[in-house]
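# Residue-level structure breakdown
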Amino acid sequence: MLRRCLLTLLLVLSFAAFTPHRDPSFDIGGGTIDVNLDSDLSRSQQDQLMNWIHAAADSVVAYYGRFPLPHTYLQVRSFEGRGVHNGHTFGLHNGGLIRISVGTQTTPAEFKEDWMMTHEMVHLTFPSVAEEHHWIEEGTAVYVEPIARLRAGNLPKEKAWGEMARDMHQGLPEEGDEGLDNTHSLGRTYWGGAMFCLIADIEIRQRTHNQKGLEDALRAVMSNGGVITEDWELRRVFEVGDKAVGVPVLEELYKKMKDKPVSVDLDKLWQQLGVARKGEVTTFNDHAPLAPIREAISTGKATKPVNVKFSLDGLMALTAAQ
C-alpha cells in the first residue's frame with residue numbers, strides 16, 4: 001500500500017509539472033477525459049491523436065454502458081517514428097491516469113488498427129487486486145478490448161475473432177505451470193487471463209440461456225465501485241460478478257484454474273463457436289453449436305438460446321504439468 005501511495009504521489013507531481021501545448025478535454029459516457037499532449041505536435045497530429053482517443057473511449061462505453069471514472073487524465077508523449085508503445089494505467093486519488101507514447105509519423109490507418117489505447121482504458125474499469133491475481137487485470141483487458149472495439153464499429157468481426165483464434169494458445173499452460181495465481185509468464189498473465197474470460201463468458205451465456213454475459217458481471221463490479229482507484233480482494237470481484245449474472249461461474253472457474261495447470265482444447269472450442277482461421281482469412285459457421293453465443297458476445301444483444309447443450313468441461317483437462 002505504501003509503495004502504491006508513493007508511486008501515486010510521483011505520478012501526480014510529474015503530471016502537474018508538465019505544461020502542454022493545449023489541454024483538450026471531452027465528456028463521454030458520464031466521465032471527463034483530460035488529454036495532455038506534447039508541445040511540438042502540429043494541429044493535424046493533434047487531431048489524429050484526438051480521433052484515436054475518442055474511438056477508444058467510444059469502444060469502452062459500447063461494452064460497459066458508460067465510462068468508468070468521473071475524471072481520467074491522459075498523457076500522450078511523442079517520439080520520432082511510428083507506432084504506439086509503453087501504455088500504462090494507474091489509479092490516483094482523484095481519478096485515473098493513462099500514460100502512453102506515440103510516434104509522430106504514425107498514420108491514421110495505424111491509429112485505426114491500434115489496440116493499446118482501448119486496452120489501457122479497459123484497465124480503468126477494474127479494481128486493483130493482489131499481485132498474484134494480476135492475470136485477471138491483464139486478461140480482462142486483453143479479452144474485452146477487441147470485443148469492445150467490435151461493438152463500437154471500430155474493428156471488423158473477422159479481425160476480432162481471428163486474432164483471438166490466432167493468439168489465445170499463448171495462454172495455455174506449459175511444463176512446470178502451477179495455475180494462474182502461481183505462474184507469471186507473459187503468456188499466462190495476458191492470454192491465460194483472456195482464456196479464463198472467454199470460457200467464463202461462454203459458460204455464463206450457456207447457463208443463462210444466452211441472456212447474460214461476462215459484461216454483465218464486469219459492469220456490476222464497476223457499478224459497485226470496483227474501478228482502478230480501489231483495492232479489492234479477488235473473492236469480492238467474483239462474488240459481485242456472479243451475483244449479477246445469477247450463476248456462480250466465476251468462482252467455480254477460478255477454483256479450477258487458480259492453482260492447477262488446466263489446459264483447454266482451443267481447436268475444438270473455435271470449431272464449436274464457428275470460427276475458422278486459414279492463414280490471414282477468418283470465416284464463420286453460423287450453424288455451429290455455439291454460434292449464437294459468439295453472435296451475442298459480438299453484438300452485446302441477447303439472441304436465441306443455445307439449443308445444443310455443450311459442456312466446456314469436456315474441453316478442459318489438467319495437463320502433465322501438474
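Residues numbered from 1 in each chain as written. Predicted model: local features only at pLDDT ≥ 70, side-chain atom pairs only at ≥ 80, totals over all residues. Heavy atoms only, no water.

## A closer look at the pattern of salt bridges
Applied cut-off: Here a salt bridge means any side-chain nitrogen of Lys or Arg lying within 4 Å of a carboxyl oxygen belonging to Asp or Glu. Secondary structure counts use DSSP, requiring at least four H or I residues in a row for a helix and at least two E residues in a row for a strand, with both numbered from the N terminus. Partly exposed describes any residue whose relative accessible area lies between the buried limit of under 20% and the exposed limit of over 50%, with all areas from a 1.4 Å probe on protein chains only and scaled to the type maximum.
Tallying each qualifying case throughout the model produces 17 salt bridges. In this structure, the salt-bridge partner of R77 is D38, at a minimum N-O distance of 3.8 Å. In this pair, R77 sits in strand β3 (residues 71-79) while D38 sits in the loop between β2 (31-37) and α2 (43-64), placing the two residues 39 residues apart along the sequence. With a relative accessible area of 23%, R77 lands in the partly exposed category.

## Things to note about the nonpolar core
Cut-off, in case you're wondering: Put simply, a nonpolar core is a bunch of buried Ala, Val, Leu, Ile, Met, Phe, Trp, Tyr and Cys residues held in one set by side-chain atoms that sit within 4.5 Å of each other. Residue contacts are counted whenever heavy atoms from the two residues lie within 4.5 Å of one another.
Among the nonpolar cores identified, the biggest contains 90 residues, and I53, M121, W161, F196 and W270 are the most heavily contacted of them. At 10 residues, helix α7 (residues 186-207) tops the list of elements feeding residues into this core. With residues near it in sequence (within four places) discarded, F196 still touches W135, I136, L180, F238, L250, L253, Y254 and M257.

## Description of the pairing of strand β7 (residues 275-278)
Quick note on the threshold: One bridge is not enough; two strands pair if DSSP finds at least two bridges between them.
Where β7 lies against strand β8 (residues 281-284), four bridges are found, and the strand directions are antiparallel. Of the residues in β8, the one forming a bridge with R277 is T282.

## A word on the confidence of the model for the protein chain
The cut-off we apply is this: The predictor attaches a confidence to each residue, and that confidence, scored 0 to 100, is pLDDT.
Summing up the model confidence of the protein chain, the mean pLDDT is 90 and the portion of residues at 70 or higher is 89%. Here residues 5-10 is modelled with pLDDT under 50, and outside its nearest four sequence neighbours on either side it reaches four contacts, counting other chains as well. Within the model, pLDDT remains below 50 along residues 12-22, and this stretch shows 25 contacts once partners closer than five positions in the same chain are excluded.

## Looking at helix α12 (residues 291-299)
With seven of nine residues buried, α12 lies mostly within the body of the structure. What α12 keeps buried is the set A291, P292, I293, R294, A296, I297 and S298. After α12 finishes, the residue G300 shows a positive phi value of roughly 75 degrees.

## Description of the packing of α2 against helix α8 (residues 214-223)
We apply this condition: A fitted line through C-alpha atoms serves as each axis, taken over the contacting stretch for helices, and the angle formed by two N-to-C directions is quoted from 0 to 180°. Throughout this description, any angle smaller than 35 degrees is read as roughly parallel, any larger than 145 degrees as roughly antiparallel, any in the 65 to 115 degree range as roughly perpendicular, and the remainder as oblique.
Between α2 and α8, the shortest axis-to-axis distance is 9 Å and the interhelical angle comes to 105 degrees. Classified by the angle between their axes, α2 and α8 sit roughly perpendicular to one another. On the side of α2, the interface is formed by A62, Y63 and Y64, while α8 contributes L214, E215, L218, R219 and M222.

## Quick notes on the packing of aromatic side chains
Worth spelling out the cut-off: Only centres within 6.5 Å qualify two rings of Phe, Tyr or Trp (six-membered ring in Trp) as a pair; their planes then separate them into stacked at under 30 degrees, edge-to-face at over 60, and tilted for everything else.
Counted by the stated rule, this structure contains six aromatic pairs. A ring pair is formed by W135 and F196, whose centres lie 5.1 Å apart and whose planes are at 70 degrees; its orientation type is edge-to-face. Of this pair, W135 sits in helix α5 (residues 134-151) while F196 sits in helix α7, and the two are 61 residues apart along the sequence. Its relative accessible area of 1% is what places F196 among the buried residues. Judged by centre distance (5.4 Å) and plane angle (55 degrees), the ring pair of F238 and Y254 falls under tilted. Of this pair, F238 sits in helix α9 (residues 234-245) while Y254 is found in helix α10 (residues 249-257), placing the two residues 16 residues apart along the sequence.

## Section: the environment of D259
The cut-off we apply is this: For this analysis, a polar contact is any N or O atom pair within 3.5 Å, provided that within protein one partner can donate a hydrogen and the other can accept it, and provided that sequence-adjacent residues contribute only side-chain to side-chain pairs.
Tracing the sequence through the fold places D259 in the loop between α10 and β6 (262-264). Note: C-alpha distance between D259 and D181 (78 residues apart in sequence) is 6.1 Å. Excluding residues that lie within four positions of it along the chain, D259 makes contacts with E178, G179 and N182. Here K260 takes part through its side chain, which lies 3.3 Å from a polar atom of the side chain of D259.

## Some points on the sheet that holds β3
Judged by pairing direction, the sheet is mixed, and its five strands sit side by side in the order β1-β2-β3-β5-β4 without closing on themselves. Only two strands of the sheet have a single partner each, and these edge strands are β1 (25-28) and β4 (84-92). In this sheet, neighbouring strand axes are inclined to one another by 20 degrees on average, regardless of whether the strands run parallel or antiparallel. Note that β4 and strand β5 (residues 95-103) share seven bridges and pair antiparallel. Paired with H85 across the bridge in β5 is S101. The sheet contacts of α2 involve β1, β2, β3, β4 and β5, and relative to β1 the element is tilted by about 20 degrees. Strands β2, β3, β4 and β5 of the sheet are contacted by helix α4 (residues 116-123), whose axis makes an angle of about 15 degrees with β4.

## Observations regarding α9
Side chains that are three or four residues apart share a direction in an α-helix, a result of its 3.6 residues per turn. For clarity, the threshold we go by: In this scheme, a helix's expected span is set at 1.5 Å multiplied by one less than its residue total.
Its 12 residues give α9 an end-to-end C-alpha distance of 17 Å, which sits within 8% of 16 Å, the value for a rise of 1.5 Å per residue. Within α9 the residues assigned to the buried category are L234, V237, F238, V240, G241, D242 and V245. If you follow the buried residues of α9, they end up packed against α5, α7, α8 and α10. Count one or two residues on from α9 and you reach G246, which has phi positive near 85 degrees.

## Notes on empty space enclosed by the protein
The test is simple: Residues are said to line a cavity or pocket when one of their atoms sits within 4 Å of a point; the points come from a 1 Å grid over protein atoms alone, cavities being sets where a 1.4 Å probe fits but cannot get out and pockets being open sets with protein on both sides within 12 Å along at least five of seven lines. Grid points are joined across faces, edges and corners, and a volume is the space filled by probe spheres set on the points.
Overall, the coordinates contain one cavity of 30 Å³ or more when judged by the stated rule. Put simply, the largest cavity is a space of about 80 Å³. Mapped onto the lining of the largest cavity, the elements with two or more residues apiece are α5, α7, α8 and α9. Sort the elements by how many residues they give to the lining of the largest cavity and α8 lands first, with four residues.

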